[in-house]
Amino acid sequence: MSRIVRTLFIIATLLLCVQSTHAETLLRSADVHPRDYPTVQSVMFMSERLQIYTNGELAIKVYPSRQLGEEQDTLLATMFGAIDINRVSVAALGNIAQELRVLALPYLFTDVEHQYRVLRGPIGDDILAFLEPHGLIGLAFLDSGARSFYTREKPIRSLADLQGLKIRVQNTDLSIQMMDMLGANATPMSFGQVYESLITGVIDGAENNWPSYVSTRHFEAAPYYTLDRHTMIPEIIVMSKRRWLQLTPEQQVAVKQAAREASLHMETLWNARVSSAREKALAAGVTVIELDNKTNGAFAAAVSPLYREYKEDPVIANILQRIHAQRQIP
Ligand code: GTR
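Described in the following lines is the structure provided in the data block. Because the structure is predicted, anything quoted here is derived from the model rather than measured.

Digging into the layout of surface pockets
At step 1: Space inside the largest pocket adds up to approximately 530 Å³.
At step 2: In terms of lining residues, the largest pocket is bounded by 29 residues, among which V112, G145, A146, R229 and M232 are the most central.
At step 3: Secondary-structure elements contributing two or more residues to the lining of the largest pocket are α5 (112-119), α10 (210-215), β9 (224-231) and α13 (249-283).
At step 4: When the residues that make up the lining of the largest pocket are grouped by side-chain class, the tally is 13 nonpolar, nine polar and seven charged.
At step 5: Looking at the second largest pocket, its volume works out to about 360 Å³.
At step 6: Taken together, 29 residues make up the lining of the second largest pocket; nearest its centre are E71, R168, Q170, S190 and F191.
At step 7: Elements supplying a minimum of two residues to the lining of the second largest pocket: α1 (3-20), α3 (71-80), β3 (85-89) and α4 (90-94).
At step 8: When residues in the lining of the second largest pocket are grouped by element, the largest group, three residues, is from α3.
At step 9: When we break the lining of the second largest pocket down by domain, the ones giving at least three residues each are domain 1 (3-96 + 133-144 + 235-274) and domain 3 (147-231).

What follows is the structure, given as structure tokens:
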């Protein structure tokens, strides 16, 4: 089924459901991850809070494991109002609201504290607001750690090892450009296709954080994990603006509050999951490669032209400057 047909199919099915259920109390939420993954658990936590704050008027039903489709498809359905809430990677949103690409730039954050200062403060709020003209309400950011490379046949220990390798990337211009600069052969495809592509050798590797690397079982097919931490692209919870406008002002406040609490709760869920994923991978014999400072520097230098390019956009240049100013605790 082509992507557009698939999306229309999802939209039609969900719109039919809207008419036949008490949809005003049950918000549908999509996620590509399985039920026990922290993002799914975090939106379930949001639902619990929401029920409390609205005296049971609103709750969320999460459809995990790509039940409603791949990330980009469900995002379109969310913009149309056929899906109410969606938990996606910010990378997927950069294709819709250009300004959000700033958060997908490599080596943007010095550490997770820097990322929290940015995302949990006024810069984060301003970035969320960029979504509204596109039919989406940005509710909150969630942890996603750092993305690193993993490969099937040989470990990546230097830039030279990466040259010409077919690396699966999220379907965005920025990640393709980044792989070009690193000398890899970017192969965009949806998340759900990666496992089979690794098994069959259609690609040589991919890149993701510890929890995704393990929950997808990619580590079984690609047992060399190079912790180069090239990006720290957060997750995000968005809501369809069409559905948002149907809520009362009190319900809107409750949704935002519940999302904020889910975002804070995610930190604990995430840290626990990173540890357990790492242990599981190590127990399965995965080889973990840490790069020395010089090699890390070479990776960062290779992708630095991206900054020159993105700074040409005055809006992005301004956000970048504000993000950089948060490197040290102000
Ligand atoms: C994960 C993210 C997913 C999806 C996936 C991917 O880290 O949580 O939403 O974007 O990466 O690589 O497609």
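So, the pattern of salt bridges
At step 1: Per the counting criterion, the structure on display carries 13 salt bridges.
At step 2: For R49, the salt bridge goes to E261, with nearest N and O atoms at 2.9 Å. One end of the pair, R49, is in helix α2 (residues 38-53); the other, E261, is in helix α13, and 212 residues separate them in sequence.
At step 3: The partner of D126 in a salt bridge is R322, and the shortest N-O contact between them spans 3.0 Å. One end of the pair, D126, is in helix α6 (residues 122-129); the other, R322, is in helix α16 (residues 314-325), with 196 residues separating them in the sequence.

Comments concerning the site of the ligand
At step 1: Every one of the 13 residues lining the ligand counts as a neighbour, but H33, E71, R168, N208 and E235 are closest to it.
At step 2: In this structure, an oxygen atom belonging to the ligand sits 3.5 Å away from a side-chain N or O atom of N209.
At step 3: Expressed as a share of its isolated accessible area of 320 Å², the protein-covered part of the ligand is 98%.
At step 4: Of the pockets mapped on this structure, the ligand occupies the second largest pocket.
At step 5: Broken down by class, the residue content of the shell around the ligand amounts to two nonpolar, six polar and five charged.
At step 6: Taken domain by domain, the shell around the ligand gets at least three of its residues from each of domain 1 (3-96 + 133-144 + 235-274) and domain 3 (147-231).

A look at the packing of aromatic side chains
At step 1: Throughout the structure, instances matching the rule amount to seven aromatic pairs.
At step 2: Measuring from centroid to centroid gives 4.3 Å for Y213 and Y225, while their planes differ by 25 degrees, and the two rings are stacked. Residue Y213 is found in helix α10, and its partner Y225 is found in strand β9; the two are separated by twelve residues along the sequence. The two residues Y213 and Y225 agree in class, both being buried.

Focus: empty space enclosed by the protein
At step 1: Counted by the stated rule, this structure contains two cavities of 30 Å³ or more.
At step 2: Within this model, the largest cavity holds a volume of roughly 70 Å³.
At step 3: In terms of lining, the largest cavity is formed by A91, A104, R147, Q170, T172, L174, S175, M178, M179, E207, T231 and I233.
At step 4: No other element matches the four residues that helix α8 (residues 173-182) contributes to the lining of the largest cavity.
At step 5: Taken together, the residues of the lining of the largest cavity sort by class into six nonpolar, four polar and two charged.
At step 6: V90, A91, G94, L100, R101, A104, T172 and L174 are the residues that line the second largest cavity.
At step 7: Take the lining of the second largest cavity: its biggest share by element is three residues, from α4.

Some words on the nonpolar core
At step 1: Of all hydrophobic cores here, the largest spans 50 residues; its most connected members are L93, V102, L103, I236 and I323.
At step 2: Not counting residues within four places of it along the chain, the set of residues in contact with V102 comprises L108, I127, I316, I319, L320 and I323.

Section: the side chain of S144
At step 1: Here S144 lies in the loop between β4 (136-142) and β5 (147-151).
At step 2: Judged by its relative accessible area of 6%, S144 falls in the buried class.
At step 3: Within the structure, the side chain of S144 is placed 2.8 Å from the side chain of E235, a separation counted as a polar contact.
At step 4: Excluding residues that lie within four positions of it along the chain, S144 makes contacts with N209, I233, P234, E235 and W270.

Overview of the packing of α6 against α16
At step 1: Contact geometry of α6 with α16 gives a least axis separation of 10 Å together with a crossing angle of 155 degrees. By the criterion of interaxial angle, the relationship of α6 to α16 is roughly antiparallel. For the pair α6 and α16, the crossing hand works out as left-handed. Taken together, the residues of α16 that come into contact with α6 (itself represented by P122, I123, D126 and I127) are I319, R322 and I323.
At step 2: Here the residues of the contact of α6 with α16 sort into five nonpolar, no polar and two charged.

Conventions used here
- Residues numbered from 1 in each chain as written.
- Predicted model: local features only at pLDDT ≥ 70, side-chain atom pairs only at ≥ 80, totals over all residues.
- Heavy atoms only, no water.
- 1 Å grid on protein atoms, 1.4 Å probe; cavity = no way out; pocket = protein on both sides within 12 Å on 5 of 7 lines; lining within 4 Å.
- Points joined across faces, edges and corners; volume = space filled by probe spheres on them.
- Helix = DSSP H or I, 4+ residues; strand = E, 2+ residues; numbered from the N terminus.
- Nonpolar A, V, L, I, M, F, W, Y, C, P; charged D, E, K, R; others polar.
- Domains from an automatic or database assignment.
- Salt bridge = Lys/Arg side-chain N within 4 Å of Asp/Glu carboxyl O.
- Near = heavy atom within 4 Å.
- Polar contact = N/O pair within 3.5 Å; in protein donor to acceptor, adjacent residues only side chain to side chain.
- Areas by Shrake-Rupley, 256 points an atom, 1.4 Å probe, with all protein chains shown as cover.
- Sits in = over half its atoms within 2 Å of the grid points.
- Phe/Tyr/Trp six-rings, centres within 6.5 Å; stacked < 30°, edge-to-face > 60°.
- Buried < 20%, exposed > 50% of the residue type's maximum accessible area, 1.4 Å probe, protein only.
- Core = buried A, V, L, I, M, F, W, Y, C linked by side-chain atoms within 4.5 Å.
- Contact = heavy atoms within 4.5 Å.
- Axes fitted to C-alpha atoms, helices over the stretch in contact; angles between N-to-C directions.
- Parallel < 35°, antiparallel > 145°, perpendicular 65-115°, else oblique.
- Left-handed = near helix turned anticlockwise from the far one by under 90°.

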